[in-house]
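In case you want the letters, here they are:
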Amino acid sequence: MDDGNPVVRLLKRRIADEGPLDVATFMAVALAHPEHGYYVTRDPLGAAGDFTTAPEISQMFGELVGLWCADTWQALGRPDPFALIEFGPGRGTLMADALRALAGVPACRDAARIHLVETSPVLRDMQRRTLAGHHAAWHERLPDTGGMPALVIANEFLDALPVEQYVRTNGAWHARRVGLSADTGTLCFVTDPAPAALDAALAPHAHEGAILERAPAVEAAVADIARHIVDDGGEALFIDYGYTAHATGETLQAVRGHKPIDVLAAPGESDLTAHVNFAAVAEAAAAQGARCHGPVDQGVFLERLGIRARARALSAHASPAQRTDIETALARLIGPAEMGTLFKVLAVARPDAAPPAGFETTP
Ligand code: SAH
């Protein structure tokens, strides 16, 4: 197919050498190849890019996350200093909006040591520009903070990590891989003929042809963060689209220019994501001794944090056109048909911590 696409060329070469690649490897190469990977070569966000995220829709999102941080910091006993760590910060918009909101709680803002975990050099540059005037450090993975408690934020980060896929065949799970079609030489999905070394009890009633996704990279990232929280204190907030109970079904998707396309059509030039299995996330955190709160729907979370009041306050000083924009953004962030219910929010805390803001159990 598209041999002008360097990622397709290098995938084909690897498949010719090694045989079909598992889906997680395909996804990792397409998104993160050090020279040609999707996130390495571009800023994918915004109207001119491939997709939009909550912080890019409205400043209200990052501001409320900032207030969540301030509130959680108070509940943690106002640690000074503490690490404020964001994973996958995109353009840096969420952090900039959060820090602006934190200006209202100067002791918290002054105690924060900002760390950004970002692999994309293009996005690191944008983050540097967006956060000019703030002192921040960049990392490839969870940094060693020398025992500081950490508040960790990750919006649409876990969905970008590679997933494995398995296909139910003759009553067993078989790895799904990316190979080359014998007829056309293009990338195609193939099923490993040998059963995978997966727990046979996983989704035992899945029908023939069902697809099961697993995300060891998600579980490993969450486990690292949960271990930090249990050992050194702090809390984490994961916001992403996903599902709350173990389930089968394919969620891996490709998006280009705000439209879904075939997953194999344009690796390296389309965003690849998978829905987050929040049950698996919670288990990975619990295995480290942490306690999870939620997941709650993003709409519920933002309403509890006061997004309607924030929208009213912004509208009070806005032009009619800006007021319409604020209303539209509010509907997109909390509306059930938009991001309000598809997106979930999960907090990871120490076992003895009270439920953080937004996770209070309703009486
Ligand atoms: N949180 C931002 C951006 C979401 S896009 C927002 O809401 O707008 C996903 C982000 O995760 C990008 O910044 C991407 O470069 C980053 N990313 C993807 N894989 C990563 C990895 N393995 N480690 C660190 N960052 C990663």
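Residues numbered from 1 in each chain as written. Predicted model: local features only at pLDDT ≥ 70, side-chain atom pairs only at ≥ 80, totals over all residues. Heavy atoms only, no water.

Draft legend 1. Geometry of the packing of aromatic side chains. The tally for this structure, following the rule as stated, stands at five aromatic pairs. Ring centres 5.2 Å apart and planes at 55° place the aromatic pair F87 and F157 in the tilted group. On the criterion of sequence distance, the pair formed by F87 in strand β2 (residues 82–87) and F157 in the loop between β5 (150–155) and β6 (164–169) is long-range, its members being 70 residues apart. Like F87, the residue F157 is buried in the burial classification. Between F301 and F359, the ring centres sit 5.4 Å apart and the planes meet at 50°, which makes this aromatic pair tilted. Here F301, found in helix α11 (residues 298–304), pairs with F359, found in the segment after β16 (343–349); they are 58 residues apart in sequence, far enough to count as distant. Comparing F301 with F359 shows no difference in burial state: the two are buried. (Phe/Tyr/Trp six-rings, centres within 6.5 Å; stacked < 30°, edge-to-face > 60°. Helix = DSSP H or I, 4+ residues; strand = E, 2+ residues; numbered from the N terminus. Buried < 20%, exposed > 50% of the residue type's maximum accessible area, 1.4 Å probe, protein only.)

Draft legend 2. Just the pairing of strand β3 (residues 112–117), in detail. For β3, a buried count of five out of six residues is recorded, marking the element as mostly surrounded by other parts of the structure. As paired strands, β2 and β3 are joined by six bridges and run parallel to one another. Among the inter-strand pairings, E86 is bridged to a residue of β3, identified as L116. Relative to strand β4 (residues 136–139), β3 runs parallel, the two being bridged by four bridges. Each bridged residue has a counterpart across the sheet, and for H115 the counterpart in β4 is A137. For the crossover from β3 across helix α8 (residues 121–130) to β4, the handedness is right-handed. (Pairing = 2+ DSSP bridges. Right-handed = clockwise from strand over helix to strand, strands pointing away.)

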